[in-house]
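Examination of the molecular architecture
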Amino acid sequence: MTGPAARSPGSGREPPLLAVIDMQRVFGEPGSEWLAPRFAEIIGPVRRLVDAFQPRLIFTRFVAPAVPAGAWRNYYDQWPFALQPADARIYELVDEFAGQPGRTLDATTFSKWGPELAALTGGPGGAPGQLVLAGVSTDCCVLSTALAAADAGVAVRVVADACAGVTDESHRQALGILRLYGPLVEVVSVADIVNDGMGKA
């Protein structure tokens, strides 16, 4: 196996995991109340990463809880259209990724970090590993996942040109916030990962 997901000989390190965050119809289809306007523009860059990281990748999905609790009740009062079951069409991965091999992780929270992602990311002996993030939205679920993983000691790389925000400005602002967390979090490009081998263990 070659590419970013390949283990360097003798390195003893677990290769990085790619988490493709929430590339779903609800964020990508025109007319959706949650459309990320540049969603279509990042499909190509995300596909390059998916091809490079196979099989070390996971797709995540944001889904609504069956019964919102706490402050989430107010959230879904504001967005009642989203109170649909996990198998609703709006929560499907877009066609470009629906048939891709790989695990899918569902979460009712903005952050996708938790025991399952930690187990897949972890290095030898359960040590924190390396995580590469792409997807939507930069200013919400990508940001939340990156910071939670970094707090757990994981080395996080956010691929700026494979992420899209709610607006261009909030995308830039989120990347600026993420850079403040260096060296726990690095903001990189697809070229950094795929061509320069930053994803190699």
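You'll find the structure just up there.
Predicted model only: the values in this text are computed from it and were never measured.

Topic: the pattern of salt bridges
- The tally for this structure, following the rule as stated, stands at ten salt bridges.
- Linking Glu29 and Arg89 is a salt bridge whose minimum nitrogen-to-oxygen distance equals 3.0 Å. Pair noted here: Glu29 is in the loop between α1 (25–28) and α2 (39–53) and Arg89 is in the loop between α3 (72–78) and α4 (95–98), with a separation of 60 residues, a long-range link.
- Residue class for Arg89 comes out partly exposed when judged on its relative accessible area of 49%.
- Taking the shortest distance from any N to any O, the salt bridge between Arg38 and Glu41 comes out at 2.9 Å.
- Judged by its relative accessible area of 37%, Arg38 is partly exposed.

Quick word on the layout of surface pockets
- One number sums up the size of the largest pocket: a volume of about 300 Å³.
- Taken together, 15 residues form the lining of the largest pocket, with Phe27, Trp34, Tyr75, Ser137 and Val166 sitting closest to its centre.
- Along the lines of polarity and charge, the residues of the lining of the largest pocket split into twelve nonpolar, one polar and two charged.

Description of helix α6 (residues 138–151)
- Look at α6: 18 Å from first C-alpha to last across 14 residues, which is about the 20 Å you get at 1.5 Å a residue.
- Every buried residue of α6 is listed here: Thr138, Cys141, Val142, Leu143, Thr145, Ala146, Ala149 and Ala150.
- Trailing α6 by a residue or two, Gly153 shows a phi angle of about 95 degrees, which is positive.

As for the nonpolar core
- Counting residues in hydrophobic clusters, the biggest one holds 36 residues, and the most contacted among them are Met23, Val46 and Leu49.
- The set of elements that each furnish at least two residues to this core consists of β1 (17–21), α1, α2, β2 (57–62), β4 (130–136), β5 (155–164) and α8 (190–194).
- It is α2 that contributes the most residues to this core, eight residues altogether.
- Those residues within four positions of Met23 in sequence are excluded, and the remaining contacts are Phe39, Ile42, Ile43, Val46, Thr60, Glu92, Leu93, Val94, Phe97, Gly135 and Val136.
- The next biggest cluster of nonpolar side chains, apart from the first, holds 23 residues, and it includes Ala19, Val142, Cys163 and Val185.

A word on the environment of Glu14
- Inspection of the secondary structure puts Glu14 in the segment before β1.
- Distance in space between the C-alpha atoms of Glu14 and Gln130 is 7.8 Å, their sequence separation being 116 residues.

Notes on the environment of Leu120
- In this structure, Leu120 sits in helix α5 (residues 115–121).
- Its relative accessible area of 17% is what places Leu120 among the buried residues.
- For Leu120 and Leu131, which are eleven residues apart along the polypeptide, the C-alpha to C-alpha distance reads 9.6 Å.

Looking at the pairing of β4
- The buried count for β4 comes to seven of seven residues, which makes it a mostly enclosed element.
- Side-chain alternation along β4 places Gln130, Val132, Ala134 and Val136 on one buried face and Leu131, Leu133 and Gly135 on a second face that is also buried.
- The pairing of β1 with β4 spans five bridges and is parallel. Residue pairing for β4: Ile21 is matched across the bridge by Gly135.
- With six bridges joining them, β4 and β5 adopt parallel strand pairing. Counted as the bridge partner of Val136 is Ala164 from β5.
- Of the crossover connections in this fold, the one passing from β4 over α6 to the parallel β5 is right-handed.

Examining the side chain of Gln24
- For Gln24, the position within the fold is in the loop between β1 and α1.
- There is a polar contact of 3.0 Å between the side chain of Gln24 and the backbone oxygen of Tyr91.
- The contact partners of Gln24, leaving out residues within four places of it in the chain, are Phe39, Thr60, Arg61, Phe62, Ile90, Tyr91, Glu92, Leu93 and Val94.

Here we look at the sheet that holds β4
- Within the open sheet, the six strands sit side by side as β3-β2-β1-β4-β5-β6. Their pairing is parallel. Of all strands in the sheet, those bounded by a partner on one side alone are β3 (103–107) and β6 (185–188). The mean inter-strand angle of the sheet, taken between neighbouring strand axes irrespective of direction, is 25 degrees.
- The pairing of β2 with β3 spans five bridges and is classified as parallel. Each bridged residue has a counterpart across the sheet, and for Thr60 the counterpart in β3 is Leu105.

Reading the values: the criteria
- Residues numbered from 1 in each chain as written.
- Predicted model: local features only at pLDDT ≥ 70, side-chain atom pairs only at ≥ 80, totals over all residues.
- Heavy atoms only, no water.
- Salt bridge = Lys/Arg side-chain N within 4 Å of Asp/Glu carboxyl O.
- Helix = DSSP H or I, 4+ residues; strand = E, 2+ residues; numbered from the N terminus.
- Buried < 20%, exposed > 50% of the residue type's maximum accessible area, 1.4 Å probe, protein only.
- 1 Å grid on protein atoms, 1.4 Å probe; cavity = no way out; pocket = protein on both sides within 12 Å on 5 of 7 lines; lining within 4 Å.
- Points joined across faces, edges and corners; volume = space filled by probe spheres on them.
- Nonpolar A, V, L, I, M, F, W, Y, C, P; charged D, E, K, R; others polar.
- Expected span 1.5 Å × (residues − 1).
- Core = buried A, V, L, I, M, F, W, Y, C linked by side-chain atoms within 4.5 Å.
- Contact = heavy atoms within 4.5 Å.
- Pairing = 2+ DSSP bridges.
- Right-handed = clockwise from strand over helix to strand, strands pointing away.
- Polar contact = N/O pair within 3.5 Å; in protein donor to acceptor, adjacent residues only side chain to side chain.
- Axes fitted to C-alpha atoms, helices over the stretch in contact; angles between N-to-C directions.

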